Amino acid sequence: MANKVLVVDDEKLIVKGIRFSLEQDSMEVDCAYDGEEALEKVHKQEYDIVLLDLMLPKVDGLEVCQQIREFSDVPIIMLTAKSDDMDKIMGLEYGADDYITKPFNILELKARIKAILRRNNRSHRKEEEKDTRIHVRDLTMDTESRRVFLGDREVNLTAKEFDLLELILTNPGKVYSREQLLNLVWGFEYPGDVRTVDVHVRRLREKIETNPSDPHYVYTKWGVGYFYKN
């Protein structure tokens, strides 16, 4: 089945170019030209990945990203004309999985898309006989449906937040450096730096910890990295 991509950008020539290139790789491409239209489409249809411009009419890209994360963990790549580090970090903090700065090479963009789709497909393929539930204190992770519950309340995590938490909880006592987590969760080819890990850990703690400054699931070993202890 063809991967379905939503391209969101108000520059129609850019959208046309991306669409043509992705369709050459047998992807199904849908388009939106402002933030409101993008949100409508993501609410109505399921996509394998969203390419989301930062600067959009009506609703800007960061707000669109944040709203999508309230109901979906679809992978999001931010497209931004701004090269400032804070813009990149903000995109990740709002739930984006990756970012690429304009002007970009279409081959690089396609490589990023395919890397994310590969990791996402791998993370969804589970052996049928494997126990799909992880129980830790009040938290339950279902690795098959990729759902997380605190007691009876479901917690919406992004794909990377889920992968990060699963890795840490299934290896209690093992301290992972930020570099190790970046390589294991994002992949060795990921171009970002270790601040990506810190951003995701902070967002994860805000979602699952009663008091994020006094965590009970994802602990910090100062100067080393992150871990879980029984």
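Residues numbered from 1 in each chain as written. Predicted model: local features only at pLDDT ≥ 70, side-chain atom pairs only at ≥ 80, totals over all residues. Heavy atoms only, no water.

Student: Lay out the packing of aromatic side chains with the relevant residues and their values.
Tutor: Tallied over the full model, the rule gives one aromatic pair. The side chain of Lys12 reaches across the aromatic face of Tyr33, ending 5.2 Å from its centre. Here the guanidinium or amino end of Lys229 rests over the ring plane of Tyr219, the centre of that ring lying 4.9 Å away. (Phe/Tyr/Trp six-rings, centres within 6.5 Å; stacked < 30°, edge-to-face > 60°. Lys NZ or Arg CZ within 6 Å of the ring centre and 35° of its normal.)

Student: Tell me about the side chain of Thr140, residues and numbers included.
Tutor: Position of Thr140 among the secondary structure elements: in strand β7 (residues 139–142). A polar contact is formed between the side chain of Thr140 and the side chain of His135, at a distance of 3.3 Å. Setting aside residues up to four positions removed in sequence, Thr140 forms contacts with Arg133, Ile134, His135, Arg147, Val148 and Phe149. (Helix = DSSP H or I, 4+ residues; strand = E, 2+ residues; numbered from the N terminus. Polar contact = N/O pair within 3.5 Å; in protein donor to acceptor, adjacent residues only side chain to side chain. Contact = heavy atoms within 4.5 Å.)

Student: An account of the nonpolar core is needed here, citing residue identities and associated values.
Tutor: Formed by 54 residues in total, the largest nonpolar core has its most connected members in Val50, Leu52, Ile76, Met78, Leu139, Leu165 and Ile208. The element contributing the most residues to this core is helix α6 (residues 159–169), with six residues. Residues in contact with Leu165, not counting those within four places in the same chain, are Leu139, Met141, Leu157, Leu204, Ile208 and Val218. One finds Val7, Val29, Ile77 and Ile100 within the second-largest nonpolar core, a separate group that totals 17 residues. (Core = buried A, V, L, I, M, F, W, Y, C linked by side-chain atoms within 4.5 Å. Buried < 20%, exposed > 50% of the residue type's maximum accessible area, 1.4 Å probe, protein only.)

Student: Give a detailed account of helix α3 (residues 61–69), specifying residues and quantitative values.
Tutor: Each full turn of the α-helix corresponds to 3.6 residues, which orients residues three or four apart in the same direction. For α3, the full list of buried residues reads Gly61, Leu62, Val64, Cys65, Ile68 and Arg69. Along the axis of α3, the buried residues cluster in a sector spanning 160 degrees; they form a single face. N-capping of α3 is provided by Asp60, with a side-chain oxygen placed 3.0 Å from the backbone N of Leu62. (Arc of directions from axis to C-beta.)

Student: Just give me the short version of the sheet that holds strand β4 (residues 76–80), but keep the residues and values in it.
Tutor: Across the sheet, five strands lie side by side as β2-β1-β3-β4-β5; this open sheet has parallel pairing. Single-partner strands in this sheet number two, and they are β2 (28–32) and β5 (98–101). Recorded for the sheet is a direction-independent mean angle of 20 degrees between the axes of neighbouring strands. Here four bridges tie β4 to β5, and the two strands are oriented parallel to one another. (Pairing = 2+ DSSP bridges. Axes fitted to C-alpha atoms, helices over the stretch in contact; angles between N-to-C directions.)

Student: How would you sum up the pattern of salt bridges? Please name residues and give values.
Tutor: Taken as a whole and judged by the stated rule, the model has 19 salt bridges. A salt bridge links Lys102 to Glu11, with the nearest nitrogen and oxygen atoms 3.5 Å apart. One end of the pair, Lys102, is in the loop between β5 and α5 (106–124); the other, Glu11, is in the loop between β1 (4–8) and α1 (12–24), with 91 residues separating them in the sequence. Residue classification places Lys102 among the buried positions, given a relative accessible area of 14%. On the basis of relative accessible area, Glu11 is assigned to the partly exposed category, the value being 41%. With a shortest N-O distance of 3.3 Å, Arg203 and Glu161 are connected by a salt bridge. With a gap of 42 residues between them, Arg203 in helix α8 (residues 195–208) and Glu161 in helix α6 connect regions that are remote in the sequence. What makes Arg203 buried here is its relative accessible area of 16%. Via salt bridges that share partners, Asp9, Glu11, Asp53 and Lys102 belong to a single interconnected network. (Salt bridge = Lys/Arg side-chain N within 4 Å of Asp/Glu carboxyl O.)

Student: With reference to specific residues and values, describe the environment of Gly192.
Tutor: When you line up the elements, Gly192 lands in the loop between α7 (178–186) and α8. When the C-alpha positions of Gly192 and Asn211 are compared, they lie 28 Å apart, and in sequence the two are 19 residues distant. Setting aside its immediate chain neighbours within four residues, Gly192 contacts Tyr99 and Leu182.

Don't take any of this as a statement about function, it's just geometry.
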